[in-house]
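Remarks on the overall topology
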Amino acid sequence: MVHYSELGLVNTNELFKKAIEGKYAIPAFNFNNMEQMQAIIAACVETESPVILQVSSGARKYANQTLLRYMAQGAVEYAKELGKNIPVVLHLDHGDSFELCKSCIDSGFSSVMIDGSHFSYEENIALTKQVVEYAHAHGVSVEGELGVLAGVEDDVVAEHHTYTRPEEVVDFVTRTGVDSLAISIGTSHGANKFTPAQCTRDENGILIPPPLRFDILEEIEKQIPGFPIVLHGASSVPQEYVATINKYGGALKDSIGIPEEQLRRAASSAVCKINIDSDGRLAMTAAVREVMATKPGEFDPRKYLGPARDELKKLYSHKTVNVLGSAGKA
Ligand code: G3H
Ligand code: 13P
Ligand code: ZN
């Protein structure tokens, strides 16, 4: 058993308090490998942003939980080496059982999400409460979820949103004791968040997705003033990456994300953690495809993963500076 404080990691409590007061959001970037982790840390050190390194169940299966934990410990040291001791959180994304959350807490994670949103309301409360009791005994922060996002998370596929019901949030946070609450207001996981049929077109023919349900967010904020809110499924799906991928042999269709100005608006509210995974996948894929297509003689992985890492770093810096407002807050 190892405690996160021994690894130089922090939990989310202090970070969220400051983010709500300062009207910005902390980036929660998913990582599965060394290049993603290096890019996240390099970008957050350079822009002086606190950061949440996020590990999904899929990432655990792909890369091994122990290795990922050592990489997070390495990330803290790497940040110092790059010149800034930024706050680093190691967070379990979409934990689906008490056992998984416990295993992460016991191996050095400083924050966990228990996602009981696919269960009944009472089952969600019971499971979340059980995780909170264990986590809090170890100083680990817990994110719960109310409402269901459309899209795919690991093995769970939800066709439609169930928006968070503001009338449930006081009861849920009081009875579970969670430290933050993920809500559903129209975002979804993956690169296909909306169909073209759900969108309108501007004067240049660009597809404009339906706005997030800020009315629901405001109602939730009225119910639990100052309580940390989390937004999942918050990738913007940059069209230049989609175009590069498709130019070099990809076949992405109807890839539509959340417009950045809506995320900026969310970040200035009680939304203090914004989850981004798909945009990193797109950046990496675009860069790798470009090298593969334009330099067919290359077979050194550093020659395509290196440019992918550079592109990721640019993307993450853009997020902290221009979208989340977390730059300069480390
Ligand atoms: O919420 C989902 C995240 O994007 C993680 O995706 O489960 O494929 O690693 P993954
Ligand atoms: P995106 O698929 O929009 O990047 O969302 C990621 C996420 O919510 C991880 O939990
Ligand atoms: Zn998510």
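Relevant structure appears above.
So, a few notes on the structure that sits alongside this text. (Residues numbered from 1 in each chain as written. Chains lettered and ligands numbered in written order. Predicted model: local features only at pLDDT ≥ 70, side-chain atom pairs only at ≥ 80, totals over all residues. Heavy atoms only, no water.)

Once that is clear, we can look at the coordination of the zinc ion (ligand 3). Summarising the metal site, the zinc ion (ligand 3) is bound by the protein donors His94 (NE2), His189 (NE2) and His232 (ND1), whose distances to it range over 2.1 Å. In primary sequence terms, the donor set of the zinc ion (ligand 3) follows H-x94-H-x42-H. With histidine 94 in strand β3 (residues 88-95) and histidine 232 in the loop between β11 (229-231) and α9 (239-247), this residue pair connects regions lying 138 residues apart in the sequence. Look at histidine 94 and you get buried, because its relative accessible area is 10%. Note on histidine 232: relative accessible area 1%, which makes it buried. (Donors = N, O, S within 2.8 Å, 3.2 Å for Na, K, Ca; no water. Helix = DSSP H or I, 4+ residues; strand = E, 2+ residues; numbered from the N terminus. Buried < 20%, exposed > 50% of the residue type's maximum accessible area, 1.4 Å probe, protein only.)

Burial of strand β4 (residues 111-114) is two-sided: the residues Ser111 and Met113 facing one way and the residues Val112 and Ile114 facing the other way are all buried. As defined by bridge partners, β3 adjoins β4 across three bridges and the pair is classed as parallel. By the bridge assignment, histidine 91 is partnered in β4 with serine 111. Each parallel crossover has a hand, and for β3 linked through helix α5 (residues 98-106) to β4 it is right-handed. (Pairing = 2+ DSSP bridges. Right-handed = clockwise from strand over helix to strand, strands pointing away.)

Time to look at the side chain of histidine 91. Here histidine 91 shows up in strand β3. Among the polar contacts made by the side chain of histidine 91, one reaches the side chain of glutamate 143 at a distance of 3.3 Å. Apart from the residues lying within four places of it in its own chain, the contact partners of histidine 91 are Ile52, Leu53, Gln54, Val55, Phe109, Ser111, Val112, Met113, Glu143 and Lys273. (Polar contact = N/O pair within 3.5 Å; in protein donor to acceptor, adjacent residues only side chain to side chain. Contact = heavy atoms within 4.5 Å.)

A few words now on the packing of helix α2 (residues 34-46) against helix α4 (residues 65-82). Relative orientation of the contacting elements α2 and α4 amounts to 40 degrees, with a least axis distance of 10 Å. Classified by the angle their axes make, α2 and α4 are oblique. Where α2 crosses over α4, the handedness of that crossing is right-handed. Residues Met34, Met37, Gln38, Ile41, Ala42 and Val45 of α2 pack against Met71, Ala75, Tyr78, Ala79 and Leu82 of α4. A class-by-class count of the residues in the contact of α2 with α4 yields ten nonpolar, one polar and no charged. (Axes fitted to C-alpha atoms, helices over the stretch in contact; angles between N-to-C directions. Parallel < 35°, antiparallel > 145°, perpendicular 65-115°, else oblique. Left-handed = near helix turned anticlockwise from the far one by under 90°. Nonpolar A, V, L, I, M, F, W, Y, C, P; charged D, E, K, R; others polar.)

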